[in-house]
Amino acid sequence: MSRSLDEVVAVVDRLRSPGGCPWDRAQTHESLAKYLLEESYETVEAIEAGDYVLLREELGDLLLQVLLHARIAEEASAAQRFSIDEVADDLAAKMIRRHPHVFADAVATDADEVNANWERLKSAEKQRTSVTDGVPLAQPALSLAGKLISRVGRTELVVDFDAATATPAESLGRRMFALVGEAVSAGVDPESALRETTRAYREAILAAERVGSAEAPSGAVHSGTTDE
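Residues numbered from 1 in each chain as written. Predicted model: local features only at pLDDT ≥ 70, side-chain atom pairs only at ≥ 80, totals over all residues. Heavy atoms only, no water.

(A) Looking closely at the overall build of the chain. Each helix and strand in the chain was counted, giving 10 helices and 0 strands. Over its C-alpha atoms, taken along the principal directions, the chain stretches across nearly 65 × 55 × 40 Å. Buried residues in the chain amount to 18% of all 228 residues. Of all intrachain contacts in the chain linking residues separated by at least 6 positions in sequence, the fraction that spans at least 24 positions is 44%. Accessible surface, the chain as shown: approximately 16,600 Å² in total, 58% of it carbon and sulfur. (Helix = DSSP H or I, 4+ residues; strand = E, 2+ residues; numbered from the N terminus. Buried < 20%, exposed > 50% of the residue type's maximum accessible area, 1.4 Å probe, protein only. Contact = heavy atoms within 4.5 Å. Areas by Shrake-Rupley, 256 points an atom, 1.4 Å probe, with all protein chains shown as cover.)

(B) Structural detail: the nonpolar core. Of all hydrophobic cores here, the largest spans 7 residues; its members are V12, L32, L67, L68, A70, I72 and I84. A total of 4 residues in this core trace back to one element, the largest contributor, which is helix α4 (residues 52–74). (Core = buried A, V, L, I, M, F, W, Y, C linked by side-chain atoms within 4.5 Å.)

(C) How the structure looks around the environment of A200. Note that A200 resides in helix α10 (residues 190–215). A C-alpha to C-alpha distance of 38 Å links A200 and A108, two positions 92 residues apart in sequence.

(D) Representation of the packing of aromatic side chains. For the structure shown, the criterion picks out 2 aromatic pairs. Centre to centre, the rings of F161 and F177 are 5.2 Å apart; their planes meet at 55°, and the pair counts as tilted. Of this pair, F161 sits in the loop between α8 (141–153) and α9 (168–185) while F177 sits in helix α9, and the two are 16 residues apart along the sequence. The class of F161 is partly exposed, set by a relative accessible area of 40%. (Phe/Tyr/Trp six-rings, centres within 6.5 Å; stacked < 30°, edge-to-face > 60°.)

What follows is the structure in C-alpha coordinates.
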(Lines give C-alpha, C1' and ligand atoms only; values in the text may rest on other atoms or scores of the structure.)
Protein backbone atom coordinates (compact mmCIF):
# COMPACT_ATOMS: atom_id res chain seq x y z
CA MET A 1 0.00 0.00 0.00
CA SER A 2 1.06 3.60 -0.52
CA ARG A 3 2.11 5.78 2.39
CA SER A 4 -1.29 7.53 2.43
CA LEU A 5 -3.19 4.24 2.57
CA ASP A 6 -0.87 2.95 5.28
CA GLU A 7 -1.63 6.09 7.28
CA VAL A 8 -5.39 5.81 7.04
CA VAL A 9 -5.20 2.10 7.97
CA ALA A 10 -3.17 3.13 11.03
CA VAL A 11 -5.77 5.79 11.90
CA VAL A 12 -8.60 3.24 11.77
CA ASP A 13 -6.52 0.81 13.82
CA ARG A 14 -5.99 3.49 16.47
CA LEU A 15 -9.70 4.33 16.57
CA ARG A 16 -10.57 0.66 17.18
CA SER A 17 -7.80 -0.03 19.70
CA PRO A 18 -8.06 0.29 23.51
CA GLY A 19 -8.05 3.97 24.38
CA GLY A 20 -9.38 4.86 20.95
CA CYS A 21 -12.79 6.26 20.01
CA PRO A 22 -15.70 4.78 22.03
CA TRP A 23 -18.06 5.11 19.06
CA ASP A 24 -15.74 3.38 16.59
CA ARG A 25 -14.93 0.65 19.10
CA ALA A 26 -18.65 -0.06 19.59
CA GLN A 27 -19.38 -0.64 15.90
CA THR A 28 -20.06 -4.00 14.27
CA HIS A 29 -20.56 -5.15 10.69
CA GLU A 30 -24.30 -4.93 11.31
CA SER A 31 -24.32 -1.47 12.87
CA LEU A 32 -22.17 -0.05 10.05
CA ALA A 33 -24.29 -1.48 7.23
CA LYS A 34 -26.56 1.58 7.05
CA TYR A 35 -23.57 3.91 6.81
CA LEU A 36 -22.11 1.88 3.96
CA LEU A 37 -25.39 2.32 2.10
CA GLU A 38 -25.59 6.05 2.87
CA GLU A 39 -22.01 6.68 1.76
CA SER A 40 -22.65 4.75 -1.47
CA TYR A 41 -25.67 6.93 -2.26
CA GLU A 42 -23.73 10.11 -1.44
CA THR A 43 -20.96 8.99 -3.80
CA VAL A 44 -23.50 8.43 -6.58
CA GLU A 45 -25.01 11.85 -5.90
CA ALA A 46 -21.60 13.51 -6.26
CA ILE A 47 -21.12 11.76 -9.62
CA GLU A 48 -24.58 12.79 -10.83
CA ALA A 49 -23.91 16.39 -9.77
CA GLY A 50 -20.58 16.41 -11.59
CA ASP A 51 -18.92 17.64 -8.37
CA TYR A 52 -15.52 15.96 -8.47
CA VAL A 53 -14.20 17.77 -5.41
CA LEU A 54 -17.11 16.28 -3.48
CA LEU A 55 -16.57 12.93 -5.23
CA ARG A 56 -13.03 12.79 -3.88
CA GLU A 57 -14.35 13.33 -0.37
CA GLU A 58 -17.16 10.79 -0.75
CA LEU A 59 -14.78 8.14 -2.10
CA GLY A 60 -12.72 8.69 1.05
CA ASP A 61 -15.81 8.18 3.21
CA LEU A 62 -16.60 5.02 1.26
CA LEU A 63 -13.04 3.78 1.73
CA LEU A 64 -13.39 4.38 5.47
CA GLN A 65 -16.31 1.96 5.57
CA VAL A 66 -14.22 -0.71 3.85
CA LEU A 67 -11.35 -0.17 6.27
CA LEU A 68 -13.63 -0.27 9.32
CA HIS A 69 -15.21 -3.55 8.23
CA ALA A 70 -11.78 -5.06 7.60
CA ARG A 71 -10.50 -3.86 10.99
CA ILE A 72 -13.54 -5.35 12.75
CA ALA A 73 -12.90 -8.62 10.93
CA GLU A 74 -9.34 -8.72 12.27
CA GLU A 75 -10.81 -8.94 15.78
CA ALA A 76 -13.24 -11.75 14.91
CA SER A 77 -13.00 -15.45 15.64
CA ALA A 78 -10.80 -17.53 13.34
CA ALA A 79 -13.64 -18.56 11.01
CA GLN A 80 -14.68 -14.93 10.41
CA ARG A 81 -11.25 -13.26 10.53
CA PHE A 82 -9.59 -11.46 7.62
CA SER A 83 -7.45 -8.35 7.09
CA ILE A 84 -7.46 -5.44 4.67
CA ASP A 85 -4.40 -6.98 2.99
CA GLU A 86 -6.39 -10.17 2.35
CA VAL A 87 -9.25 -8.08 0.94
CA ALA A 88 -6.79 -6.39 -1.44
CA ASP A 89 -5.10 -9.70 -2.36
CA ASP A 90 -8.47 -11.33 -3.12
CA LEU A 91 -9.50 -8.35 -5.26
CA ALA A 92 -6.27 -8.34 -7.26
CA ALA A 93 -6.51 -12.09 -7.87
CA LYS A 94 -10.16 -11.79 -8.93
CA MET A 95 -9.48 -8.94 -11.35
CA ILE A 96 -6.65 -10.88 -12.99
CA ARG A 97 -8.76 -14.05 -13.15
CA ARG A 98 -11.78 -12.23 -14.60
CA HIS A 99 -9.72 -10.43 -17.27
CA PRO A 100 -8.09 -13.27 -19.19
CA HIS A 101 -8.14 -11.07 -22.31
CA VAL A 102 -5.67 -8.78 -20.52
CA PHE A 103 -3.65 -11.12 -18.31
CA ALA A 104 -3.90 -14.35 -20.35
CA ASP A 105 -4.53 -15.48 -23.91
CA ALA A 106 -8.31 -15.01 -24.17
CA VAL A 107 -9.71 -12.57 -26.74
CA ALA A 108 -12.45 -9.99 -26.17
CA THR A 109 -13.11 -7.50 -28.95
CA ASP A 110 -15.64 -5.23 -27.23
CA ALA A 111 -17.25 -4.39 -23.88
CA ASP A 112 -20.19 -6.75 -24.45
CA GLU A 113 -17.86 -9.67 -24.92
CA VAL A 114 -15.88 -8.68 -21.84
CA ASN A 115 -19.10 -8.56 -19.81
CA ALA A 116 -20.23 -11.96 -21.13
CA ASN A 117 -16.87 -13.51 -20.22
CA TRP A 118 -17.03 -11.90 -16.77
CA GLU A 119 -20.48 -13.35 -16.07
CA ARG A 120 -19.47 -16.77 -17.36
CA LEU A 121 -16.33 -16.89 -15.22
CA LYS A 122 -18.21 -15.60 -12.16
CA SER A 123 -20.93 -18.23 -12.52
CA ALA A 124 -18.34 -21.00 -12.84
CA GLU A 125 -16.34 -19.76 -9.83
CA LYS A 126 -19.37 -19.45 -7.58
CA GLN A 127 -21.06 -22.61 -8.93
CA ARG A 128 -24.29 -20.75 -9.53
CA THR A 129 -27.30 -22.73 -10.67
CA SER A 130 -29.77 -19.86 -11.24
CA VAL A 131 -29.60 -16.57 -13.12
CA THR A 132 -30.97 -15.00 -9.94
CA ASP A 133 -27.97 -16.08 -7.85
CA GLY A 134 -25.91 -13.14 -6.69
CA VAL A 135 -28.60 -10.53 -7.35
CA PRO A 136 -29.06 -8.65 -4.05
CA LEU A 137 -32.75 -8.42 -3.19
CA ALA A 138 -32.16 -5.42 -0.91
CA GLN A 139 -31.32 -3.07 -3.79
CA PRO A 140 -33.91 -0.50 -4.96
CA ALA A 141 -36.87 -2.09 -6.74
CA LEU A 142 -36.15 -0.48 -10.13
CA SER A 143 -32.57 -1.70 -10.08
CA LEU A 144 -33.65 -5.15 -8.91
CA ALA A 145 -36.24 -5.51 -11.68
CA GLY A 146 -33.80 -4.25 -14.28
CA LYS A 147 -31.07 -6.63 -13.14
CA LEU A 148 -33.32 -9.68 -13.20
CA ILE A 149 -34.77 -8.77 -16.62
CA SER A 150 -31.25 -8.23 -17.95
CA ARG A 151 -30.05 -11.56 -16.56
CA VAL A 152 -32.95 -13.43 -18.16
CA GLY A 153 -32.36 -11.59 -21.43
CA ARG A 154 -28.93 -13.21 -21.72
CA THR A 155 -30.48 -16.70 -21.60
CA GLU A 156 -33.04 -18.67 -23.59
CA LEU A 157 -35.42 -18.92 -20.63
CA VAL A 158 -39.13 -18.50 -21.26
CA VAL A 159 -40.58 -17.03 -18.05
CA ASP A 160 -44.34 -17.39 -17.49
CA PHE A 161 -45.20 -14.07 -15.89
CA ASP A 162 -48.76 -13.47 -17.06
CA ALA A 163 -50.65 -14.29 -13.87
CA ALA A 164 -53.74 -12.15 -13.26
CA THR A 165 -53.39 -9.31 -10.77
CA ALA A 166 -55.75 -9.24 -7.83
CA THR A 167 -55.26 -5.75 -6.40
CA PRO A 168 -54.71 -2.21 -7.75
CA ALA A 169 -51.21 -2.28 -6.23
CA GLU A 170 -50.33 -5.48 -8.08
CA SER A 171 -51.70 -4.05 -11.32
CA LEU A 172 -49.64 -0.89 -10.91
CA GLY A 173 -46.59 -2.97 -10.07
CA ARG A 174 -47.04 -4.96 -13.29
CA ARG A 175 -47.25 -1.76 -15.33
CA MET A 176 -44.10 -0.36 -13.73
CA PHE A 177 -42.35 -3.70 -14.26
CA ALA A 178 -43.29 -3.56 -17.94
CA LEU A 179 -41.74 -0.08 -18.19
CA VAL A 180 -38.53 -1.42 -16.65
CA GLY A 181 -38.56 -4.11 -19.32
CA GLU A 182 -38.89 -1.43 -22.00
CA ALA A 183 -35.96 0.46 -20.52
CA VAL A 184 -33.73 -2.62 -20.45
CA SER A 185 -34.65 -3.45 -24.05
CA ALA A 186 -33.71 0.11 -25.05
CA GLY A 187 -30.38 -0.10 -23.24
CA VAL A 188 -31.46 2.40 -20.60
CA ASP A 189 -30.79 1.90 -16.90
CA PRO A 190 -34.24 2.37 -15.30
CA GLU A 191 -32.91 3.51 -11.93
CA SER A 192 -30.70 6.18 -13.52
CA ALA A 193 -33.49 7.29 -15.85
CA LEU A 194 -35.95 7.82 -13.01
CA ARG A 195 -33.32 9.49 -10.84
CA GLU A 196 -32.52 11.94 -13.65
CA THR A 197 -36.21 12.74 -14.13
CA THR A 198 -36.75 13.09 -10.39
CA ARG A 199 -33.77 15.43 -10.06
CA ALA A 200 -35.29 17.56 -12.86
CA TYR A 201 -38.60 17.54 -10.98
CA ARG A 202 -36.80 18.73 -7.85
CA GLU A 203 -35.28 21.62 -9.82
CA ALA A 204 -38.78 22.50 -11.08
CA ILE A 205 -40.03 22.53 -7.47
CA LEU A 206 -37.20 24.87 -6.46
CA ALA A 207 -37.98 27.15 -9.42
CA ALA A 208 -41.66 27.26 -8.45
CA GLU A 209 -40.70 28.08 -4.88
CA ARG A 210 -38.48 30.92 -6.05
CA VAL A 211 -41.33 32.32 -8.15
CA GLY A 212 -43.75 31.96 -5.24
CA SER A 213 -41.31 33.64 -2.87
CA ALA A 214 -40.82 36.57 -5.25
CA GLU A 215 -44.56 37.04 -5.75
CA ALA A 216 -45.60 36.63 -2.10
CA PRO A 217 -46.46 39.86 -0.27
CA SER A 218 -43.97 40.90 2.37
CA GLY A 219 -44.74 39.17 5.66
CA ALA A 220 -47.06 36.60 4.06
CA VAL A 221 -47.14 33.21 5.74
CA HIS A 222 -47.54 30.07 3.61
CA SER A 223 -50.12 27.58 4.80
CA GLY A 224 -50.71 24.09 3.51
CA THR A 225 -49.84 20.48 4.02
CA THR A 226 -46.46 19.38 5.31
CA ASP A 227 -44.50 16.15 5.51
CA GLU A 228 -43.26 16.98 8.98
